[in-house]
Amino acid sequence: MQDKVLELSNVNAYYKDGKVRKQILNDISFTLYEGEIVGLVGESGSGKTTLCKCILGLLKDYEGNIMHYTNRPQMVFQDPFSSLNPRKTIGWILEEPLKIQGKRSKEERRKKAEEMLELVHLPKEFYSRYPRELSGGQRQRVSIALALITGTKFVLADEPLSALDVTVQAQIIQLLKELQEKERISYLFVSHDLDVVDMICDRVLYLKDGVVREIC
């Protein structure tokens, strides 16, 4: 049996609209397992963003249980350029989470950063480059490396392909699948592109009006 990575049980979430407390999510329950890619799809306003905020611990006004069985999830965003500090080198960006952890020497941090570049199929020479010197696909690879560098096995990918052209999308899909298989990474994959979801995901959650309408 696969190990659980994330489990939501009867989650209801709310926002304040003025003085009115509005319910956004209604009785959401699902489980994400090790090495699984679960798609999250739904129209604008369906509750996808609220659900992601609950999972990330960014929204406190909810009821029910959200259980993490591994390290907290890391994010891969839609626009890799805006999520990477343009004034810092790729090496600095990758090492920063390790500095915060405070468990590695300078030499160990650099070695780990270079290993992560290799993991996402980027040359070690990119360590000294800046985000502006990379293509969109290369920046997204750096974002994936950044998400994984502290050892998390759970990535929340928020429209990670929508800013890329079709050829580069295929390359990033191949990388995500490779990491799923080799590193046992689990993903909650948020997307509006049903073709991509069908291609990459093991299961799909269809969210409508704050309710999971279908799990397949």
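Everything numeric here is computed off the predicted structure, so don't read it as measured data. (Residues numbered from 1 in each chain as written. Predicted model: local features only at pLDDT ≥ 70, side-chain atom pairs only at ≥ 80, totals over all residues. Heavy atoms only, no water.)

## Re the sheet that holds strand β4 (residues 62-68)
The 3 strands are arranged β2-β1-β4 in an open sheet whose pairing can be described as antiparallel. In this open sheet, the two strands that pair with only one neighbour each are β2 (20-33) and β4. Between one strand axis and the next, the sheet turns through 20° on average, direction left out of account. Direction of pairing for strand β1 (residues 4-17) relative to β2: antiparallel, over a ladder of 10 bridges. Opposite Val11, over in β2, you have Ile28 as the bridge partner. (Pairing = 2+ DSSP bridges. Helix = DSSP H or I, 4+ residues; strand = E, 2+ residues; numbered from the N terminus. Axes fitted to C-alpha atoms, helices over the stretch in contact; angles between N-to-C directions.)

## Some points on the layout of surface pockets
Estimated volume of the largest pocket: approximately 160 Å³. Lining the largest pocket, in full, are Lys48, Thr49, Cys52, Lys53, Leu56, Leu58, Met75, Asp158, Glu159 and Val190. Taken together, the residues of the lining of the largest pocket break down into 5 nonpolar, 1 polar and 4 charged. (1 Å grid on protein atoms, 1.4 Å probe; cavity = no way out; pocket = protein on both sides within 12 Å on 5 of 7 lines; lining within 4 Å. Points joined across faces, edges and corners; volume = space filled by probe spheres on them. Nonpolar A, V, L, I, M, F, W, Y, C, P; charged D, E, K, R; others polar.)

## Considering the packing of aromatic side chains
By the definition in use, this model includes 0 aromatic pairs. The ring of Tyr14 carries Arg21 above its face, with NZ or CZ at 3.7 Å from the centroid. (Phe/Tyr/Trp six-rings, centres within 6.5 Å; stacked < 30°, edge-to-face > 60°. Lys NZ or Arg CZ within 6 Å of the ring centre and 35° of its normal.)

## Quick look at the packing of helix α3 (residues 90-101) against helix α5 (residues 136-148)
Interhelical geometry of α3 versus α5 gives an angle of 25° and a closest axis separation of 8 Å. Between α3 and α5, the angle falls in the class roughly parallel. Between α3 and α5 lies a crossing of right-handed hand. Where α3 approaches α5, its residues Ile90, Ile93, Leu94 and Pro97 are matched on the opposing element by Val142, Ala145 and Leu146. Here the contact of α3 with α5 is composed, by residue class, of 7 nonpolar, no polar and no charged. (Parallel < 35°, antiparallel > 145°, perpendicular 65-115°, else oblique. Left-handed = near helix turned anticlockwise from the far one by under 90°. Contact = heavy atoms within 4.5 Å.)

## Side note on the environment of Arg87
Inspection of the secondary structure puts Arg87 in the loop between α2 (80-83) and α3. When its relative accessible area of 74% is taken as the criterion, Arg87 is described as exposed. Distance from Arg87 to Pro131, taken between C-alpha atoms, is 8.3 Å for residues 44 residues apart in sequence. (Buried < 20%, exposed > 50% of the residue type's maximum accessible area, 1.4 Å probe, protein only.)

## Examining the UniProt feature "domain: ABC transporter" (unreviewed entry) in the chain
Under the UniProt annotation, "domain: ABC transporter" (unreviewed entry) lies at residues 6-215. Helix makes up 37% of residues 6-215 and strand makes up 30%, while its end C-alpha atoms are separated by 16 Å. (UniProt positions renumbered as here; feature names shortened; annotations may be inferred.)

## Things to note about the sheet that holds strand β7 (residues 186-190)
Pairing is mixed across the open sheet formed by 6 strands, whose spatial order is β5-β6-β7-β3-β8-β9. Each edge of the sheet is formed by a strand with only one pairing partner; in this case those strands are β5 (74-76) and β9 (211-215). Direction aside, the axes of adjacent strands within the sheet are offset by 25° on average. Looking at chain direction, strand β3 (residues 37-41) and strand β8 (residues 203-208) are connected through 4 bridges and run parallel.

## Points about the state of the cysteines
Counted by the stated rule, this structure contains 0 disulfides. There is no disulfide at Cys216, and the cysteine sulfur nearest it, in Cys201, is 9.8 Å away. (Disulfide = S-S within 2.5 Å.)

## Quick look at the environment of Ala147
On the secondary structure map, Ala147 appears in helix α5. Note: C-alpha distance between Ala147 and Ala157 (10 residues apart in sequence) is 9.8 Å. Excluding residues within four positions of it along the chain, Ala147 makes contact with Gln74, Met75, Val76, Thr152 and Val155.

## Concerning the pairing of β1
Where β1 folds back onto β2 in an antiparallel hairpin, the turn is made up of 2 residues, including Gly18, whose phi is positive at roughly 70°. With 6 bridges joining them, β1 and β4 adopt antiparallel strand pairing. From the neighbouring strand, Asn12 faces β4, where its bridge partner is Glu63.

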